[in-house]
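Structural description and commentary
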Protein chains: 2
Amino acid sequence: MRIGDAAAAAGTTPRALRFYEQRGLLAPARSASGQREYGPVELDRIRAIRSLLALGLTVEDVRGCADKLHLLVGDPPPVCPSAGPPSPAARVVDRRLAVLDAEIARLTRLRDTLAQRTGS
Amino acid sequence: MRIGDAAAAAGTTPRALRFYEQRGLLAPARSASGQREYGPVELDRIRAIRSLLALGLTVEDVRGCADKLHLLVGDPPPVCPSAGPPSPAARVVDRRLAVLDAEIARLTRLRDTLAQRTGS
DNA sequence: CTTGACCCTGACCCGCGCGTCAGGGGTTAG
DNA sequence: CTAACCCCTGACGCGCGGGTCAGGGTCAAG
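Heads up: these notes are all about the structure in this document. (Residues numbered from 1 in each chain as written. Chains lettered and ligands numbered in written order. Predicted model: local features only at pLDDT ≥ 70, side-chain atom pairs only at ≥ 80, totals over all residues.)

1. Focus: the overall build of chain A
- When helices and strands are counted, chain A shows 6 helices and 2 strands.
- Starting at the N terminus, the α and β elements of chain A follow one another as α-α-β-β-α-α-α-α.
- For chain A, buried positions account for 17% of its 120 residues.
- Sequence-distant contacts in chain A: of pairs separated by 6 or more residues, those separated by 24 or more amount to 51%. (Helix = DSSP H or I, 4+ residues; strand = E, 2+ residues; numbered from the N terminus. Buried ≥ 20, exposed ≤ 12 C-beta atoms within 10 Å, placed from the backbone. Contact = placed C-beta atoms within 7 Å.)

2. With respect to the protein's contact with DNA strand C
- Looking at DNA strand C, there are 19 residues lining it, with A16(A), S33(A), R2(B), G4(B) and R36(B) nearest.
- Elements represented by at least two residues in the surface near DNA strand C include exactly α2 (14-22) of chain A together with α1 (3-10) and α2 (14-22) of chain B.
- Taken together, the residues that form the surface near DNA strand C break down as 6 nonpolar, 8 polar and 5 charged. (Near = placed C-beta within 6 Å. Nonpolar A, V, L, I, M, F, W, Y, C, P; charged D, E, K, R; others polar.)

3. Details of the protein's contact with DNA strand D
- Not every one of the 19 residues close to DNA strand D is listed here, only the nearest: R2(A), G4(A), R36(A), A16(B) and S33(B).
- For the surface near DNA strand D, the elements supplying multiple residues, two or more each, are α1 (3-10) and α2 of chain A together with α2 of chain B.
- Looking at side-chain class alone, the surface near DNA strand D contains 6 nonpolar, 8 polar and 5 charged residues.

This is how it looks when you write it as structure tokens:
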């Protein structure tokens, strides 16, 4: 399928798909005339990218764990190994969690300081 | 005093002061040759603007309560009238509080969803 | 008068995740 | 063959709070 249909199937736009490709998240096949061709595998990958972006990861984050995309999109694995070295994907998520926590803390401090000005 | 000294005294840069002026937060006097002249009153105003921006208000917010800047920068008033119509400054702060609360809630939801992926 | 430090305006640059043209080529049904 | 629709690349726009030139005027000291 071509870019328009792939985008519609994934709930996004052709522009976004070209953008992901430019940032190294995607590498669809090309027809002889240069048109992008997306199969079901690419489609799953697009949906994975979309859901990670919706979770607040940046494009850069997603590229950092591009090889483990399928591990992050489904339901969390029923068995939690909790052994072995942390995967790069887990580290990316952990870093993002730390950023989120810091941002939440900062906004909360601002909120409280602001609230004091109007008499709580 | 001229813009460089005023900026240094307020802990910012000449560019920032010109930017605030362009956005309607500031209106310093000009010398005959067009140079900006800042007195102690303007200096206090600059410091008030800076502290409100540091609290997370936007430039637009600050312009919205430009007439009440001095009420927001000092210590909170010891007597809390809690009567009379809410001042425009208070409404600006309230709106900003609501935005902050919404943002904190959104980030918190993202954080929790993300955390589930790595087994909390 | 000259030098050096400062000031003026106007204009483009950043990150982020795309939206939105502009100008040209491919594809497919009738 | 043509119309209608899709696709290609490249480039600019947004919002925010300024940073960073470029090209020229002003001010105070020597």
